[in-house]
Amino acid sequence: MKVGANAKVTIKLLAVATSMLVFAIFIMPPIYDVFCEITGLNGKTGGRYEAVPAEVDKNRLVTVQFVANNNENMPWEFRPSVMSLKVHPGEIKDTVFIAENKTSRDMVGQAIPSMVPFKAAEYFHKTECFCFNQQELKAGETAELPLRFIVDPDLPASVNTVTLSYTLFDVTERFANKTDKNDIDPEREG
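**Some details on the side chain of T95**
- Along the chain, T95 falls in strand β4 (residues 92-100).
- Within the structure, T95 has its side chain in polar contact with the side chain of S81 (distance 3.5 Å).
- T95 has contacts with F66, S81, V82, L85, L145, P146, L147 and F149, leaving out every residue within four places of it along the chain.

Following this line, the structure appears as structure tokens:
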């Protein structure tokens, strides 16, 4: 009889563990995305922005700082070409990040953006960003990854500095399993 009781407990524990895994992988990420979208937490920046004519505020300068991080499983070298830029709200600015695949194999990376202060994310508009697509680099290859952005003139006056951070993830295996390179949503990663 003891074997039957142990088997029931083992089956129950496996069912609980499986349920927790399914919840963590398939249910929690969409809930988290909705929560971040509603509250503005996590400083997620929006997708591609279509530029509209706007008055450039020449009386104000905002410092935009750039930070590049690698996920613990990403072996590339990844860095901004400049650490910060001073911009007038409303003007279009360009910069690049540098990615170098120092491995001996071809890889695919995906950059996930985040912004601090969180409330600034809705006023930071990317018209072109390497984060919109996966970046394929051959072994030993280096690439300049473009970023074009506009700081909205409606950015609250209390915000003088924003920090745009990118974390680079290795998505080589996911990319190899996809038929379309753009199936992965960069705002849902990380």
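There's plenty left to go through after this.
**Observations regarding the environment of E136**
- Among the structural elements, E136 can be located in strand β7 (residues 135-137).
- In sequence terms E136 and M107 are 29 residues apart; their C-alpha atoms lie 5.9 Å from each other.

**A few points about the sheet that holds strand β6 (residues 124-129)**
- Spatial strand order, β2-β4-β8-β6: four strands in an open sheet with antiparallel pairing. Unpaired on one side and paired on the other, β2 (77-80) and β6 mark the two borders of the sheet. If you compare each strand with its neighbour and ignore which way they point, the axes differ by 25 degrees on average.
- Sheet analysis places β4 next to strand β8 (residues 142-151), joined by nine bridges and oriented antiparallel. Following the sheet pairing, F97 is matched in β8 by L145.

**Some points on the nonpolar core**
- Counting 34 residues, the largest nonpolar core has F78, F97, F130, L147, F149 and Y166 as its most contacted members.
- At the level of elements, β1 (62-70), β3 (84-87), β4, β5 (107-116), β6, β8 and β9 (161-170) are the ones that each hand at least two residues to this core.
- The dominant element in this core, judged by the number of residues it contributes, is β8, at five residues.
- Look past the residues within four positions of F130 in its chain and what remains in contact with it is F78, F97, A111, Q135, L145, P146, L147 and Y166.
- Formed by five residues, the second largest nonpolar core is a distinct cluster that contains V108, I112, F169 and V171.

**Remarks on the pairing of β3**
- Side chains L85 and V87 project from β3 onto a buried face, and the interleaved S84 and K86 project onto a face without burial.
- Looking at chain direction, β1 and β3 are connected through four bridges and run antiparallel. Within β3, the position partnered with V64 by the bridge is L85.

**Describing unusual backbone geometry**
- In this structure, P117 follows V116 across a cis peptide bond, with omega equal to 0 degrees.
- Within the secondary structure, P117 sits in the loop between β5 and β6.

**Observations regarding the side chain of H125**
- Turning to its location among the elements, H125 is positioned in strand β6.
- One polar contact links H125 to D152, side chain to side chain, over a distance of 2.9 Å.

**Quick word on the packing of aromatic side chains**
- Inspection of every chain in the model, using the stated rule, returns eight aromatic pairs.
- Taken together, a centroid distance of 4.7 Å and an interplanar angle of 45 degrees make the contact between F130 and Y166 tilted. With a gap of 36 residues between them, F130 in the loop between β6 and β7 and Y166 in strand β9 connect regions that are remote in the sequence.
- Its relative accessible area of 0% is what places Y166 among the buried residues.
- Clustering of aromatic rings is evident, with ring pairs tying together F66, F78, F97, F124, F130, F149 and Y166.

Conventions used here
- Residues numbered from 1 in each chain as written.
- Predicted model: local features only at pLDDT ≥ 70, side-chain atom pairs only at ≥ 80, totals over all residues.
- Heavy atoms only, no water.
- Helix = DSSP H or I, 4+ residues; strand = E, 2+ residues; numbered from the N terminus.
- Polar contact = N/O pair within 3.5 Å; in protein donor to acceptor, adjacent residues only side chain to side chain.
- Contact = heavy atoms within 4.5 Å.
- Pairing = 2+ DSSP bridges.
- Axes fitted to C-alpha atoms, helices over the stretch in contact; angles between N-to-C directions.
- Core = buried A, V, L, I, M, F, W, Y, C linked by side-chain atoms within 4.5 Å.
- Buried < 20%, exposed > 50% of the residue type's maximum accessible area, 1.4 Å probe, protein only.
- Phe/Tyr/Trp six-rings, centres within 6.5 Å; stacked < 30°, edge-to-face > 60°.

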